Amino acid sequence: MLLTAEFWVAVAFVAFLVIVWRVGGFSMMTNGLDSRAKRVRQELDEARRLREEAAAVLADYKRRRSEAEREAEAIVASAREDAERLAAEGHARLNDFVARRTKAAEAKIAQAEAQASAQVRAAAADAAVKVSETLLRERLQGAAAQDLVRASLGDVKSRLQA
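Residues numbered from 1 in each chain as written. Predicted model: local features only at pLDDT ≥ 70, side-chain atom pairs only at ≥ 80, totals over all residues. Heavy atoms only, no water.

**Quick look at the overall build of the protein**
- When its secondary structure is counted, the protein shows three helices and zero strands.
- Reading the protein from its N terminus to its C terminus gives the helix and strand order α-α-α.
- Considering the protein as a whole, with its 162 residues, one finds that 5% of them fall into the buried category.
- Accessible surface, the protein: about 14,000 Å² in total, of which carbon and sulfur atoms supply 62%. (Helix = DSSP H or I, 4+ residues; strand = E, 2+ residues; numbered from the N terminus. Buried < 20%, exposed > 50% of the residue type's maximum accessible area, 1.4 Å probe, protein only. Areas by Shrake-Rupley, 256 points an atom, 1.4 Å probe, with all protein chains shown as cover.)

This is the structure:
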């Protein structure tokens, strides 16, 4: 048994472990592992903190986006209301304009009718005066007839023009 290779490997391994223990290798290994675990823990804490910050930033951007969407909807609604109001005002102005133009046209037509009626009456009066004058001249003779014709014609003319 002392001559087998496995025995001497086991003895060398135990001797190596004793030397490492005496030199403080185990404490150095545990300190190294502890410092590595501490670094990993710090990195995990930092990652957790960054993740929380990212979540907060994401929530802030989502909130801002929803506010911007609401604001855009309000702007669109306001623009629609303004457009509808302006269209209604335009229609009202157009209706007013048409009503005023219609009233002015009707007034001009009434004035033209009155003027035409007056012209027709005047023309009829002139024609009646001329016809009367011609008839009276043919039937009446002398100075008295002339005076009567003049007075009658003036009377007829004033009555027809009125």
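**Observations regarding helix 1 (residues 5-23)**
- The end-to-end C-alpha separation of helix 1 is 27 Å, in line with the 27 Å expected for 19 residues at 1.5 Å each.
- Of the residues flanking the end of helix 1, it is Gly-24, one or two places downstream, whose phi is positive at about 95°. (Expected span 1.5 Å × (residues − 1).)

**A look at the confidence of the model for the protein**
- Summarising the model, the protein shows a mean pLDDT of 85, and 86% of its residues fall at 70 or more.
- No element of the protein has a lower mean pLDDT than helix 3 (residues 143-161), at 68, and none a higher one than helix 2 (residues 25-139), at 89. (pLDDT = per-residue confidence, 0-100.)

**Details of the pattern of salt bridges**
- This structure, assessed with the given rule, holds ten salt bridges.
- Residue Arg-63 is joined to Glu-67 by a salt bridge in which the shortest nitrogen-to-oxygen separation is 3.0 Å. Residue Arg-63 and its partner Glu-67 are located together in helix 2, separated by four residues, close to a single helical turn.
- With a shortest N-O distance of 3.2 Å, Arg-85 and Glu-89 are connected by a salt bridge. Here Arg-85 and its partner Glu-89 are both found in helix 2, four residues apart, which amounts to about one turn of the helix.
- With a relative accessible area of 41%, Arg-85 lands in the partly exposed category.
- Exposure remark for Glu-89: the relative accessible area of 30% places this residue in the partly exposed category.
- A single salt-bridge network, built from bridges that share partners, covers Asp-60, Arg-63, Arg-64 and Glu-67. (Salt bridge = Lys/Arg side-chain N within 4 Å of Asp/Glu carboxyl O.)

**Observations regarding a nonpolar patch on the surface**
- A cluster of nonpolar residues, Phe-13, Val-14, Phe-16, Leu-17, Val-18, Trp-21, Phe-26 and Met-29, forms a patch on the protein surface that exposes about 810 Å² of accessible area.
- Sorting the residues of the nonpolar patch by element identifies helix 1 and helix 2 as the ones contributing at least two each.
- Among the elements that take part in the nonpolar patch, helix 1 stands out by supplying six residues, more than any other.
- Position of Leu-17 among the secondary structure elements: in helix 1. (Patch = residues over 30% accessible without salt bridge, like charges linked within 9 Å, V, L, I, M, F, W, Y side chains within 5 Å.)

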